[in-house]
Every structure is written in structure tokens, then in C-alpha cells.
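Geometric and topological summary
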Amino acid sequence: WGTLGHETVAFIAQNFVAADTKVFLSSILQDTSTEYLAKVATWADSFRYTKAGKFSEPFHFIDAEDNPPDSCSVTYSRDCGKSGCVVGAIQNYTTQLLDSSLDKGTINMAAKKQFVGDIHQPLHDEALDRGGNSIAVLFGGVATNLHHIWDTNMPEKLVGGYTLADAERWAATLTTEINTGAFKDQAASWLEGIDITDPVTTSLGWASQTNQFVCTTVLPNGKEGVENQELSGSYYEAAVPVIQLQIARAGYRLAKWLDLITVGVR
Ligand code: DCM
Ligand code: DCM
Ligand code: DCM
Ligand code: ZN
């Protein structure tokens with residue numbers, strides 16, 4: 001996701017974490033403000049563009065070598081590359097956050113690596129054309145690529161901007177959907193199978209579920225169905241419910257994950 005998606009996931013998580021979790025994370029991040037998670041939500045994206053952080057580039061995705069739209073699947077042994085992937089990254093930063101014997105700098109960095117957001121973007125669980133980065137598309141007449149419209153253009157068209165205030169507003173809307181609206185009956189099922197002692201199996205489940213949307217919604221008619229096409233019309237309309245669902249799921253799951261970490265610290 002772009003800035004808007006990442007900050008919205010963080011605000012949703014903030015809305016659902018336990019009081020102890022807020023205390024724990026505010027302390028690690030040295031920020032007791034009401035945006036303590038949202039303010040670091042894009043830190044990992046900036047870090048990967050630095051010399052010191054280049055190693056973390058593959059930590060934002062897993063390159064599923066499946067065959068959309070005919071078959072979609074994610075496997076750890078097949079798809080997590082030699083230099084790492086988002087599933088391995090979630091395991092690593094979770095292990096670090098749980099280990100209070102580590103130095104403060106390491107734990108602070110781990111708390112800023114919020115890869116639970118990215119694993120919920122369908123094209124971050126797909127290898128085809130570098131997660132759609134090499135598929136040229138048009139959006140509102142502007143030449144861009146399929147990955148970029150899922151990360152950024154479509155969420156921003158829906159919300160109307162990408163400021164911190166836009167993210168907070170979108171998060172409030174999705175939080176209401178989870179508590180009392182369209183997601184009320186399914187939100188509990190989003191936490192099924194969540195196991196802090198097995199981050200690989202847990203996050204692989206999130207990746208597999210997310211990757212199914214590559215076959216159904218991202219590339220329902222294959223690459224030919226989107227390449228060089230204008231996607232701000234009916235394609236966008238079909239994508240919006242998936243984007244809303246995936247941002248909501250990511251925030252709700254991140255909250256639970258951070259709660260489990262807070263309870264499990266030793
Ligand atoms: N950005 C965004 N949406 C846009 C434009 C920019 O999320 N429509 C983000 C991406 C970068 C930051 O803002 O994190 C700065 O972008 P740029 O360097 O493209 O201005
Ligand atoms: N981004 C950027 N510069 C930053 C942080 C983010 O240009 N300092 C942009 C690049 C991507 C988006 O944010 O379009 C999210 O990154 P990713 O491509 O990993 O989803
Ligand atoms: N990306 C991805 N899968 C890949 C390669 C990249 O999901 N195989 C993501 C990472 C960034 C975006 O695509 O969010 C743009 O990547 P880059 O900046 O490497 O072009
Ligand atoms: Zn991306």
C-alpha cells in the first residue's frame with residue numbers, strides 16, 4: 001500500500017488494541033500521541049530506499065509462483081525467496097518484539113516494521129510481472145502500472161486524499177463497519193487460526209487468503225484483461241470492496257497481533 005493504506009491500517013489497529021498494548025508500544029516508539037502507530041506506518045517504506053535498509057526490500061511481499069487467473073496459491077518453500085519475504089519478515093520482527101533482552105534500538109525498529117499491512121495487498125502476494133509492477137495500465141488517463149493503482153491510485157480515489165487526517169477518517173469508517181456495520185458478523189473469523197507462537201503459519205494464511213483476490217478481482221481475465229486498459233471505471237468499482245475488506249482485515253489483525261505480542265513479552 002501507499003501512505004494512505006499503511007496509515008489507515010495503523011489507525012484501525014490503534015482503535016482495537018488493548019490499553020496495555022498502547023502503553024507498551026508508545027513506550028517503545030517514545031510517542032504517547034494519538035497517532036503513535038500511524039506516524040511510523042510508512043517508516044519501513046522509507047527505510048527500504050536507504051542504503052542501510054536495502055536488504056529489507058523483499059520483506060514487503062511474497063512472490064507467489066502461481067498461475068492467475070486459473071489457479072492462485074502461496075507456498076512458503078516455493079515462494080519465499082533466498083533473500084527473504086514478508087512471511088519471514090513478520091516472523092523476525094515478532095520474535096524481536098517478544099524478546100525484551102534485545103537492545104532498545106532493535107526493538108524500536110521491529111515495532112516500526114508493520115508488514116501486516118502489505119501482506120493484505122493482493123499484488124504483494126503475487127510474482128507475475130513483479131507483482132504487477134511491469135503491467136502498464138491507465139488510471140484517469142494517466143499512464144501507470146497495475147501494482148501502483150492497487151497500492152495508491154484506487155485507495156486515494158476512494159478516500160479523496162492521502163493526508164494523515166484522510167487516513168484517520170477512513171479508519172474511523174472501517175472501524176464502524178467492523179463494530180456495528182457490514183463487517184460485524186465476520187470480524188471474529190478474521191482472527192481464526194491466529195497463533196503468536198507460529199508467525200509463519202499465521203501470516204501464510206493471511207497471504208493465501210489475500211492471494212485468492214489476484215484470481216478473482218485483480219486479474220479475472222488474465223494480464224490481457226488489464227494491460228494498457230483504462231481501469232478507473234468498472235475495474236475500480238469491482239476493486240473497491242476488496243480494498244475496503246483487506247484494509248479492515250489488516251488493521252484488525254495487526255491489533256490482535258500486537259496484543260498477543262504485548263502479553264507474550266519475556
Ligand atoms: N504519495 C502518495 N500518494 C500520492 C503521492 C505521493 O502516497 N498521490 C506518497 C509517496 C511518498 C510521499 O507521498 O511516500 C512522497 O511522494 P512524492 O515523492 O511522489 O511526492
Ligand atoms: N514511497 C516512496 N517514498 C517513501 C515511502 C514510500 O516513494 N519514502 C512509495 C513507494 C510506493 C509506496 O510508497 O509507491 C508504497 O511502497 P510499496 O511499493 O512497498 O507498497
Ligand atoms: N513489489 C512486489 N513484488 C515484487 C516487487 C515489488 O510486491 N516482486 C512491490 C514493492 C513495492 C512496489 O512493488 O511496494 C514497487 O516496487 P519497486 O519500488 O521495487 O519497483
Ligand atoms: Zn506495493
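This text goes with the structure placed above it.
Presented here is an overview of the structure given in this document. Model, not experiment: these values are computed from the prediction.

Looking now at the site of ligand 1. Close contacts around ligand 1 come from Thr-3, Thr-152, Glu-156 and Tyr-162, and that covers them all. Thr-3 is positioned such that a nitrogen or oxygen atom in its side chain is 3.3 Å from an oxygen atom of ligand 1. Glu-156 is positioned with one of its side-chain polar atoms (N or O) 2.5 Å from a nitrogen atom of ligand 1. Calculation on ligand 1 without its partners gives an accessible area of 440 Å², and the protein chains cover 34% of this total. Within the shell around ligand 1, the residues separate by chemical class into 1 nonpolar, 2 polar and 1 charged.

What follows is about the pairing of strand 2 (residues 142–145). Relative to strand 2, strand 1 (residues 136–139) runs antiparallel, the two sharing 4 bridges. By the bridge assignment, Phe-139 is partnered in strand 2 with Val-142. Here strand 1 folds back onto strand 2 in antiparallel fashion, the turn holding 2 residues, of which Gly-140 has a positive phi close to 60°.

With 14 residues, helix 1 (residues 3–16) should reach 20 Å at 1.5 Å per residue; the first-to-last C-alpha distance of 20 Å fits that figure. With respect to burial, helix 1 is a largely interior element, 11 of its 14 residues being buried. Turning to helix 1, its buried residues number three or more, namely Leu-4, Gly-5, His-6, Glu-7, Thr-8, Val-9, Ala-10, Phe-11, Ile-12, Ala-13 and Gln-14. Turning to helix 1, the residues buried within the fold contact helix 3 (43–47), helix 7 (115–118), helix 9 (146–159), helix 10 (164–180) and helix 13 (234–264).

Rules of the game
Residues numbered from 1 in each chain as written. Chains lettered and ligands numbered in written order. Predicted model: local features only at pLDDT ≥ 70, side-chain atom pairs only at ≥ 80, totals over all residues. Heavy atoms only, no water. Near = heavy atom within 4 Å. Polar contact = N/O pair within 3.5 Å; in protein donor to acceptor, adjacent residues only side chain to side chain. Areas by Shrake-Rupley, 256 points an atom, 1.4 Å probe, with all protein chains shown as cover. Nonpolar A, V, L, I, M, F, W, Y, C, P; charged D, E, K, R; others polar. Pairing = 2+ DSSP bridges. Helix = DSSP H or I, 4+ residues; strand = E, 2+ residues; numbered from the N terminus. Expected span 1.5 Å × (residues − 1). Buried < 20%, exposed > 50% of the residue type's maximum accessible area, 1.4 Å probe, protein only. Contact = heavy atoms within 4.5 Å.

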